[in-house]
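# Structural features, examined
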Amino acid sequence: MSEQSKDVCDPSSAAEASDSEVNSSPGVPGGLSPPASQAAILAGPETPPLGPTDAPLASPPPQAPSEEGDPKALQQASEEGRAHQAPSVAQPGPAPPAPAQLVQKAHELMWYVLVKDQKRMIIWFPDMVKDVIGSYKKWCRSILRRTSLILARVFGLHLRLTSLHTMEFSLVKALEPEELDRVALSNRMPMTGLLLMILSLIYVKGRGARESAVWNVLRILGLRPWKKHSTFGDVRKLITEEFVQQNYLKYQRVPHAEPPEYEFFWGSRASREITKMQIMEFLARVFKKDPQAWPSRYREALEEARALREADPSSHCPRSSVSED
Amino acid sequence: MEEGRAERRRRTEAPSHTQGGPRRAGVMTDVHRRFLQLLMTHGVLEEGDVRRLQNHCYRVHDRSAAVEELEDFINNINSVLESLYIEIKKGATEDDGRPVYALVNLATTSVSKMASDFAENELDLFRKALELIIDSETGFASSTNILNLVDQLKGKKMRKKEAEQVLQKFVQNKWLIEKEGEFTLHSRAILEMEQYIRETYPDAVKICNICHSLLIQGQSCETCGIRMHLPCVAKYFQSNSEPRCPHCNDYWPHEIPEVFDPEKEREAGTSRATKRSLRSRQH
């Protein structure tokens, strides 16, 4: 596992709450550990320092150079805004809130950001201030930093300022590899997803798919012919040998091609077990489009479905029985 | 020193069945983080998908480790989430008892989760629909009745046509379910808002006699009026040829549904497929 055990739990985290001027150098190169005072925040201000084996949370997140500088810039922006709004009434500065209140604000902000991201909405800094931070605007920097830390430690997500100009944030996944997730839930097993991806490509092309084309598509999933993969292992062997042995794919030399090239076709087992409509549904899910975005293929799938129903009126929608290995 | 370390390890791997002691915060690894990311992305997931998700996360980050039992896995994560006032909550669909999971915010005391992307009048429409659903006998509110309240909404004036679309938006976002022109709460809404609903409508709210959770759809005893969720009825009266009300002992007048069995679902899928491939091989 990728845990670094240089976690430092510092009881001065309580002091950090009221201190929003932590030293930050915008040019911090990646990989350095964050300021020690941040480390214990998530465990709560009361947690005593623990050794690595007992550490409630794992290692600090990798530092991005932009993270440190941004809260400062935003702090200035929000302070300027406040200065413009403040009327002539002379008020004493607001009392610094209790650490627990700032922690609570950080939790609220964390949820707010997660929900915005879930709904694929823009995370806009002025909205964050208006909807969540409110009267704690002066401490928004420390709240933001705390939130970022929680998101990194618990969710493996980076809260990044994507555009200082528009003041937009986004949640970026901090775990590798990334692209697998889309396939994982769309199908029963990752193997199925991989196979369906190739079958779909062949189907959409309407003829054999050259090996180069297949690898172009698999590259989107982060798969390369020479790279061993944590889930699929030797991908090339899997698709050119195992899937072929199982009759899900046919792997044939392209006639008259120099240098030699190979192409993939549907195997006999794929034709038996997988319907065109299943391919259309798969495409719709993966590309988040209506199946009718591939009109001629969709028509074909409909016709096949009708033919199947007529051939055997007693059967319901056939399910894929791609072997779950 | 060896002993001390072993002792500490035993303490850290606190078995999930120890009760009474303080909840020990678990260790977050990339397996858990990816799991949380994906659970959050999907909003609400059925148990089968949650297991697949868990397996996927192990495969990606820690192939050699044994996949922890789902309940322990989730309890482990929840112990870390506790200090953040969020948790992975388990519920069940009210119509057929499929277990579902969602990441919910315990600190929410309003419909504020939806607040960020719905306008004031849209939120109010949801509140109106919610009230009708809770007050109804069946747990369903008709589209007509909801739309008739459009004039009473706070905020910008909304036309009925617009309101229909907003209701569809709620369905797409898994807050409401529509069945034949009537609306009820999606299991996600129940999971997320149970606390809010119980606090806001303490008199109108219905509770299941068996599991004591919020009840929107269910069956009720015609004599004494107690209610039960359909899956709770299924479990309670399983293989009971003479079902009787647990409260007043009168004959239970409704059809007893079947207990949800995930194994049966999977079997049904494979047996159909086997039949199909056998058939096609014959010619």
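Preceding this section is the structure that the text describes.
Let me begin by describing the structure that accompanies this report. In this convention, every chain numbers its residues from 1, walking through the sequence in written order. Chain labels run from A onward and ligand labels from 1 onward, assigned in the order the entries are written. Thresholds applied to this predicted model are a pLDDT of at least 70 for local features of residues and 80 or more for the giving and counting of side-chain atom pairs; totals over whole chains, interfaces and linings are not thresholded and use all residues. Excluding hydrogens and water, the side-chain values take into account all heavy atoms of the structure.

### Focus on the overall build of chain A
Heads up, the condition is: Secondary structure elements follow DSSP: runs of H or I of four or more residues count as helices, runs of E of two or more count as strands, with numbering from the N terminus. Residue contacts follow a heavy-atom distance rule, with two residues in contact if any of their heavy atoms lie within 4.5 Å. The method behind every accessible area is Shrake-Rupley, applied with a 1.4 Å probe, and residues are considered shielded solely by the protein chains displayed.
From N to C terminus, chain A includes twelve helices and eight strands. Once local pairs closer than 6 in sequence are excluded, the contacts in chain A between residues at least 24 apart make up 65%. Carbon and sulfur atoms make up 54% of the accessible area of chain A, which amounts to about 16500 Å² in all.

### Quick word on the overall build of chain B
The condition is simple: Burial classes follow relative accessibility: with a 1.4 Å probe on protein chains only, a residue under 20% of its type's maximum area counts as buried, one over 50% as exposed, and anything between as partly exposed.
The number of helices and strands found in chain B is eleven helices and ten strands. Within the span of chain B, comprising 283 residues, buried residues form 45% of the whole. Residue pairs at least 24 apart in sequence account for 51% of intrachain contacts in chain B once pairs closer than 6 positions are excluded. Summing over all exposed atoms, chain B offers an accessible surface of approximately 15200 Å²; the carbon and sulfur share of this is 46%.

### Here we look at the pattern of salt bridges
All names here are of chain B. Filter applied, for reference: Only one rule defines a salt bridge in this text: a Lys or Arg side-chain nitrogen within 4 Å of an Asp or Glu carboxyl oxygen.
Using the criterion set out here, one finds 20 salt bridges over all chains in the structure. With a closest N to O distance of 3.5 Å, Lys179 and Asp95 form a salt bridge. Taken together, the residues Lys179 in strand S5 (residues 176-179) and Asp95 in the loop between strand S2 (86-92) and strand S3 (99-105) connect sequence positions 84 residues apart. A relative accessible area of 38% means that Lys179 is categorised as partly exposed.

### Let's talk about the nonpolar core
The cut-off we apply is this: Nonpolar cores are built from buried Ala, Val, Leu, Ile, Met, Phe, Trp, Tyr and Cys residues. Side-chain atoms within 4.5 Å join them into one set.
Counting 52 residues, the largest nonpolar core has A:Phe155 and B:Ile88 as the members making the most contacts within it. With nine residues, the single largest contributor to this core is helix H3 (residues 99-118) of chain A. With near-sequence residues (within four places) excluded, B:Ile88 lies in contact with B:Phe35, B:Leu36, B:Leu39, B:Ile74, B:Ile77, B:Asn78, B:Leu81, B:Tyr101, B:Ala102 and B:Leu103. With 37 residues, the next largest nonpolar core counts A:Leu199, A:Phe243, A:Leu249 and A:Met280 among its residues.

### Describing unusual backbone geometry
Across the junction of A:Glu258 and A:Pro259, the peptide omega takes the value -5 degrees, indicating a cis bond. Tracing the sequence through the fold places A:Pro259 in the loop between strand S7 (249-253) and strand S8 (262-266). Positive phi, close to 60 degrees, is recorded for B:Tyr85, a residue that is not glycine. Mapped onto the elements of the fold, B:Tyr85 is located in the loop between helix H4 (70-81) and S2.

### As for the environment of B:His42
Residue and element names in this part refer to chain B. Keep this limit in mind: Pairing of N or O atoms within 3.5 Å defines a polar contact, subject to two protein rules: one partner must be a possible hydrogen donor and the other a possible acceptor, and residues neighboring in sequence count only if both atoms are side-chain atoms.
Within the secondary structure, His42 sits in helix H2 (residues 30-42). Considering only alpha carbons, one finds His42 and Leu103, 61 residues apart in sequence, at a separation of 9.6 Å. A polar contact is formed between the side chain of His42 and the backbone oxygen of Leu38, at a distance of 2.9 Å.

### Overview of the pairing of strand S6 (residues 182-185) of chain B
Residues and elements named next belong to chain B. This is how it is decided: Strands qualify as paired when DSSP identifies two bridges or more between them.
In terms of strand pairing, strand S4 (residues 141-142) meets S6 through two bridges, oriented antiparallel. Directly across from Ser142, in S6, lies its bridge partner Glu182. Bridging between S5 and S6 involves four bridges; their strand directions are antiparallel. The residue bridging Glu178 from the neighbouring strand is Phe183, located in S6.

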